Amino acid sequence: MSPLLRRSGRKNPAESTVTLIGKPGCHLCDDAQQVIEKICAELGAAWEKKDITQDEELYRKYWEQIPVILVDGAQHDFWRVQPDRLRKALGG
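Residues numbered from 1 in each chain as written. Predicted model: local features only at pLDDT ≥ 70, side-chain atom pairs only at ≥ 80, totals over all residues. Heavy atoms only, no water.

*Asks:* Explain the overall build of the protein chain residue by residue, including any values.
*Replies:* Looking only at helices and strands, the protein chain features three helices and four strands. Here the protein chain, with 92 residues, has 34% of them falling under the buried criterion. In the protein chain, the share of contacts with a sequence separation of at least 24, taken over all contacts with a separation of at least 6, comes to 65%. Accessible surface computed for the protein chain: about 6200 Å², of which carbon and sulfur atoms make up 48%. (Helix = DSSP H or I, 4+ residues; strand = E, 2+ residues; numbered from the N terminus. Buried < 20%, exposed > 50% of the residue type's maximum accessible area, 1.4 Å probe, protein only. Contact = heavy atoms within 4.5 Å. Areas by Shrake-Rupley, 256 points an atom, 1.4 Å probe, with all protein chains shown as cover.)

Below is the structure:
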């Protein structure tokens, strides 16, 4: 295929980081974590978890939306994680 016809915007999932912002005892946060762990393991992306109760800025910004999912620092989703949508956001 000609280089001009190839998609050039596809990113490498291994260069991305997914951040889960939640709180202990939150069943939606636990559900989101399971999906994030699975998709990140499949694609080789990194992920991290932040506790909203330990960060005043995150608390003010996201309290009504937890769990909140960020991809490379940008808000991607909240409340529920859609596996296909996350996979696509990571370039998979």
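*Asks:* I'd like a description of the pattern of salt bridges, backed by residues and values.
*Replies:* Within this structure, the stated rule accounts for six salt bridges. In this structure, glutamate 42 engages lysine 38 in a salt bridge whose closest nitrogen and oxygen atoms are separated by 4.0 Å. Remark: lysine 38 and glutamate 42 occur in helix 1 (residues 27-43); sequence separation between them is four residues, near one turn of the helix. Under the relative-accessibility criterion, glutamate 42 is labelled partly exposed at 44%. Residue class for lysine 38 comes out exposed when judged on its relative accessible area of 52%. Glutamate 42 serves as the salt-bridge partner of arginine 87, at 3.0 Å between the closest nitrogen and oxygen. On the criterion of sequence distance, the pair formed by arginine 87 in helix 3 (residues 83-89) and glutamate 42 in helix 1 is long-range, its members being 45 residues apart. Salt bridges linked by common partners bring Lys38, Glu42, Asp84 and Arg87 together as one network. (Salt bridge = Lys/Arg side-chain N within 4 Å of Asp/Glu carboxyl O.)

*Asks:* Got a sec to walk through the packing of aromatic side chains? Specific residues and values, please.
*Replies:* Per the stated rule, a full pass over the model turns up two aromatic pairs. Ring plane angle 70° and centroid distance 4.7 Å describe the contact between phenylalanine 78 and tryptophan 79, whose orientation is recorded as edge-to-face. On the basis of relative accessibility, which here comes to 31%, the residue phenylalanine 78 falls in the partly exposed class. Looking at tryptophan 79, the relative accessible area reads 45%, which means it is partly exposed. (Phe/Tyr/Trp six-rings, centres within 6.5 Å; stacked < 30°, edge-to-face > 60°.)

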